[in-house]
Amino acid sequence: MSFCSFFGGEPFKDHFEPGIYACARCGYELFSSKAKYEHSSPWPAFTETIHEDSVSKRKDRPGALKVSCGKCGNGLGHEFLNDGPKRGQSRF
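Residues numbered from 1 in each chain as written. Predicted model: local features only at pLDDT ≥ 70, side-chain atom pairs only at ≥ 80, totals over all residues. Heavy atoms only, no water.

What to know about the state of the cysteines
This structure, assessed with the given rule, holds 0 disulfides. Sulfur of C72: no disulfide; nearest cysteine sulfur belongs to C23 and is 3.7 Å away. Here C72 falls in the partly exposed class, since its relative accessible area comes to 29%. (Disulfide = S-S within 2.5 Å. Buried < 20%, exposed > 50% of the residue type's maximum accessible area, 1.4 Å probe, protein only.)

A word on the pairing of strand 8 (residues 75-80)
Two strands pair when backbone bridges link them, and strand 7 (residues 64-69) and strand 8 are joined in this way by 5 bridges, in the antiparallel orientation. When the bridges of strand 8 are listed, L65 appears paired with E79. Between strand 7 and strand 8, which follow one another and run antiparallel, lie 5 residues, and G73 among them has a positive phi close to 85°. (Pairing = 2+ DSSP bridges. Helix = DSSP H or I, 4+ residues; strand = E, 2+ residues; numbered from the N terminus.)

Side note on the packing of aromatic side chains
The full count for this structure, using the stated rule, is 3 aromatic pairs. Aromatic pair Y21 and F46: ring centres 5.0 Å apart, planes at 65°, arrangement edge-to-face. Within this pair, whereas Y21 is found in strand 2 (residues 20-23), its partner F46 is found in strand 5 (residues 45-46), the two being separated by 25 residues in sequence. On the basis of relative accessibility, which here comes to 0%, the residue Y21 falls in the buried class. Geometrically, the ring pair formed by F31 and F92 is tilted, given 5.5 Å between the ring centres and 55° between the ring planes. With a gap of 61 residues between them, F31 in strand 3 (residues 29-32) and F92 in the segment after strand 8 connect regions that are remote in the sequence. Neither F31 nor F92 differs from the other in exposure class; each is buried. (Phe/Tyr/Trp six-rings, centres within 6.5 Å; stacked < 30°, edge-to-face > 60°.)

Examining the nonpolar core
Of all hydrophobic cores here, the largest spans 10 residues; its members are Y21, C23, L30, F31, F46, V55, V67, C69, L76 and F92. Mapped onto this core, the elements with two or more residues apiece are strand 2, strand 3 and strand 7. Those residues within four positions of F31 in sequence are excluded, and the remaining contacts are G19, I20, Y21, F46, E48, T49, I50, V55 and F92. (Core = buried A, V, L, I, M, F, W, Y, C linked by side-chain atoms within 4.5 Å. Contact = heavy atoms within 4.5 Å.)

Quick notes on the side chain of S68
Assignment of secondary structure puts S68 in strand 7. Residues within four places of S68 in sequence aside, it is in contact with S54, V55, S56, G73, N74, G75 and L76.

Comments concerning the pattern of salt bridges
Under the criterion given, the structure shown has 3 salt bridges. We note a salt bridge from K57 to E79, for which the minimum N-O separation is 2.8 Å. Within this pair, whereas K57 is found in strand 6 (residues 55-61), its partner E79 is found in strand 8, the two being separated by 22 residues in sequence. By relative accessible area, which is 6% here, E79 ends up buried. (Salt bridge = Lys/Arg side-chain N within 4 Å of Asp/Glu carboxyl O.)

Take a look at the structure:
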């Protein structure tokens, strides 16, 4: 499954079958379905990445980091700090 940008409908938002979500540009593994959870945003939501270097992060605004593929730099959205399903978890 490729993790891609939201353009009028994200096909993997409500997709919960076992699998790996990969960068749409280079195919690098980003997230596991085991870390995916239901969220009210229009995008899929994850609590953690597969690899430590799956994504690169830079500060964007208070409470949010800009996230890119750790291999090719493709933009993936944000990590929202302390906005995960459990206290202290982040949401990708």
